[in-house]
Amino acid sequence: MKQGYLILETGEVFEGVLSGEISVETGGEVVFNTSMSGYQEIITDPSYAGQIIVFTYPLIGNYGVSVEDDESAALHLRGIVTGELSPDRHHHRATGSVQGRMDENGLPYLTGVDTRRLVRIIRKKGTVRGIISERKDAAVQAGEDGAMYDRVTTKKVITYGNRGPHVVLLDFGYKKSILDYLLEQRCKVTVVPYHHSIQNIRSLNPDGVVISNGPGNPEHAADQLEKIRELTDTYPTLGICLGHQLIAMAYGAKTTKLLFGHRGGNHPVKDLKTGKAYITSQNHGYVVQEETIDNDLFEVSFRNLNDGSVEGLQHRQKPVQSIQFHPEGHPGPLDTVFIFEQFVGRLKERQLSEHQ
Ligand SMILES: NC(=O)CC[C@H](N)C(=O)O
């Protein structure tokens, strides 16, 4: 057993048991997720690229990992910090362990940490940068990570399914379960790199477009906004998480960083049309600033019941919708999976009316 440390840029040092690879790359934003299970989906979610994830649930790893539950093939996070990482795994579907996945990817994990104290600091000071190191005095690199989309986006255009409306999934680092839910709704889905040109997207002749989740500060995708604006002018569009932020920005809205983000499986949001509340899965550090939204064009469709922040937008004239939370869950509740049904349902209706 090797002693190791998490050092925060604000000066606090947390001691633990260190395993896995240590490289200069291990510094990153330290963020916490409050989900009680679903650690595999979290560590394989490309939106965590560049981040060190603190699990507030005191024990993770106990049911192993199963290849079928990966949200992406590669791991893009920079490390894990946890109270306890179970050395044993018990599940009939388990094909491996968290430790195995971290080791294969050359990533560090620090266990035995007082995550309660750590999270109290992050909640008070806001998201801070940190580094996992063997040395107590390792320097934390200040500043923000640059754009990470090239690391997480698909290298090739790939089509899944062969029937139903054709959806283009603009990939800023999509979670596999978004694709799975679209396929379950009987769509043909073509995943394209985030930088795919408008001409190339048009030539695929889509019936609708989904703009995916993705890592980092949404301002790093500023050069994609013109294209996103054009896409929303032409096609029914659904934006999820980063996709939501980018649709808002394409219409002039601004984003800002939340103090410590929303990451977990129990975030309550209210559907402002129906008055119903849903429990949602979330993973974001940035949020659309309400006062910058053009109210003539968009209405706020969902609101966070904890802090009142914007959780969804609906275009007033066009079939363009965006949501900050994750309707696909994974991990987390599936209360809002109906958003995929509604989106695809509308694409099917449009197809029918065009053929009449
Ligand atoms: N899951 C996501 O798409 C996150 C979006 C963005 N990177 C944020 O942190 O706000």
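What you see is a predicted model, and the numbers here were worked out from it, not measured in a lab.

Thresholds applied
Residues numbered from 1 in each chain as written. Predicted model: local features only at pLDDT ≥ 70, side-chain atom pairs only at ≥ 80, totals over all residues. Heavy atoms only, no water. Pairing = 2+ DSSP bridges. Helix = DSSP H or I, 4+ residues; strand = E, 2+ residues; numbered from the N terminus. Axes fitted to C-alpha atoms, helices over the stretch in contact; angles between N-to-C directions. Near = heavy atom within 4 Å. Polar contact = N/O pair within 3.5 Å; in protein donor to acceptor, adjacent residues only side chain to side chain. Areas by Shrake-Rupley, 256 points an atom, 1.4 Å probe, with all protein chains shown as cover. Core = buried A, V, L, I, M, F, W, Y, C linked by side-chain atoms within 4.5 Å. Buried < 20%, exposed > 50% of the residue type's maximum accessible area, 1.4 Å probe, protein only. Contact = heavy atoms within 4.5 Å. Domains from an automatic or database assignment. Buried area = accessible area lost by both parts, 1.4 Å probe. Salt bridge = Lys/Arg side-chain N within 4 Å of Asp/Glu carboxyl O. Nonpolar A, V, L, I, M, F, W, Y, C, P; charged D, E, K, R; others polar. Parallel < 35°, antiparallel > 145°, perpendicular 65-115°, else oblique.

J.: Sorry, what's going on with the sheet that holds strand β6 (residues 79-81) here?
T.: Pairing between the strands of a sheet is mediated by backbone hydrogen bonds and can be parallel or antiparallel. The seven strands are arranged β1-β2-β8-β6-β4-β3-β9 in a closed barrel whose pairing can be described as mixed. Averaged over all neighbouring strand pairs, the angle between strand axes comes to 40°, with direction disregarded. The sheet contact formed by strand β1 (residues 2-8) and strand β2 (residues 13-19) spans six bridges and is antiparallel. From the neighbouring strand, tyrosine 5 faces β2, where its bridge partner is glutamate 15.

J.: Which parts of the structure should I look at to understand the site of the ligand?
T.: The local shell around the ligand holds 13 residues, among which Gly214, Gly216, Asn283, Gly285 and Tyr286 are the closest. In this structure, an oxygen atom belonging to the ligand sits 2.8 Å away from a main-chain N or O atom of tyrosine 286. One nitrogen or oxygen atom from the side chain of histidine 326 is found 3.4 Å from a nitrogen atom belonging to the ligand. In isolation the ligand offers 300 Å² of accessible surface; the protein chains occlude 97% of this area.

J.: Mind showing me how you'd approach the nonpolar core here?
T.: Nonpolar side chains in soluble globular proteins generally cluster together in the buried interior. Grouped together as the largest cluster of nonpolar side chains are 30 residues, with contacts concentrated most on Leu170, Phe172, Ile228, Leu246 and Ile293. When contributions to this core are tallied by element, the ones reaching two or more residues are β11 (166-171), α6 (198-202), β13 (208-211), α7 (225-234), α8 (242-250), β17 (298-304) and β18 (310-315). Residues in contact with leucine 170, not counting those within four places in the same chain, are Val192, Pro193, Tyr194, Ile201, Val210, Ile211, Ser212, Lys227, Ile228 and Leu231. Grouped together as the second largest cluster of nonpolar side chains are 26 residues, Leu169, Val189, Cys241 and Ile339 included.

J.: Which parts of the structure should I look at to understand the sheet that holds strand β14 (residues 237-240)?
T.: A sheet is described by the order of its strands in space; here ten strands give the open sequence β10-β12-β11-β13-β14-β19-β18-β17-β15-β16, paired in mixed fashion. Each edge of the open sheet carries a strand with a single partner, namely β10 (158-160) and β16 (277-288). With strand direction ignored, the average angle separating the axes of adjacent strands in the sheet is 25°. Note: β13 against β14, three bridges, orientation parallel. Its bridge partner being in β14, valine 209 is matched across the sheet by threonine 237. The strands that α8 touches are β13, β14, β15 (255-271), β16, β17, β18 and β19 (320-323); relative to β14, the one it contacts most, it runs at about 120°. Lying over the sheet, helix α9 (residues 338-354) contacts β11, β13, β14, β16, β17 and β19, oriented at roughly 160° with respect to β14.

J.: What am I meant to see in the domain arrangement of the chain here?
T.: Many descriptions give the size of an interface as the accessible area lost when the pieces come together. Parsing the chain into structural domains produces domain 1 (2-133) and domain 2 (149-354). Measuring from the centre of the C-alpha atoms in domain 1 to the corresponding centre in domain 2 gives 27 Å. With both sides pooled, the region where domain 1 packs onto domain 2 buries about 1,900 Å², and carbon together with sulfur makes up 45% of that total. For the pair domain 1 and domain 2, the interface holds one salt bridge. When the shortest N-O distance is used, the salt bridge between lysine 257 and glutamate 29 registers 2.5 Å. For the interface between domain 1 and domain 2, the tally reads ten residue pairs in polar contact (both at pLDDT 80 or more). Looking at the side of domain 1 that touches domain 2, the elements with two or more residues in it are β3 (28-33), α1 (39-43) and α3 (115-125). Within the side of domain 1 that touches domain 2, the residues separate by chemical class into seven nonpolar, ten polar and ten charged.

J.: Just checking my understanding: could you explain the packing of α7 against α8 for this structure?
T.: When two helices pack together, their arrangement is captured by the angle between the axes and the distance separating the axes. Interaxial distance between α7 and α8 falls to 9 Å at its minimum, and their mutual angle equals 90°. If you check the angle between α7 and α8, you find them roughly perpendicular. Counted together, Leu225, Ile228, Arg229 and Thr232 of α7 and Leu246, Ile247, Met249 and Ala250 of α8 form the full contact between these two elements. When its residues are assigned to classes, the contact of α7 with α8 shows six nonpolar, one polar and one charged.

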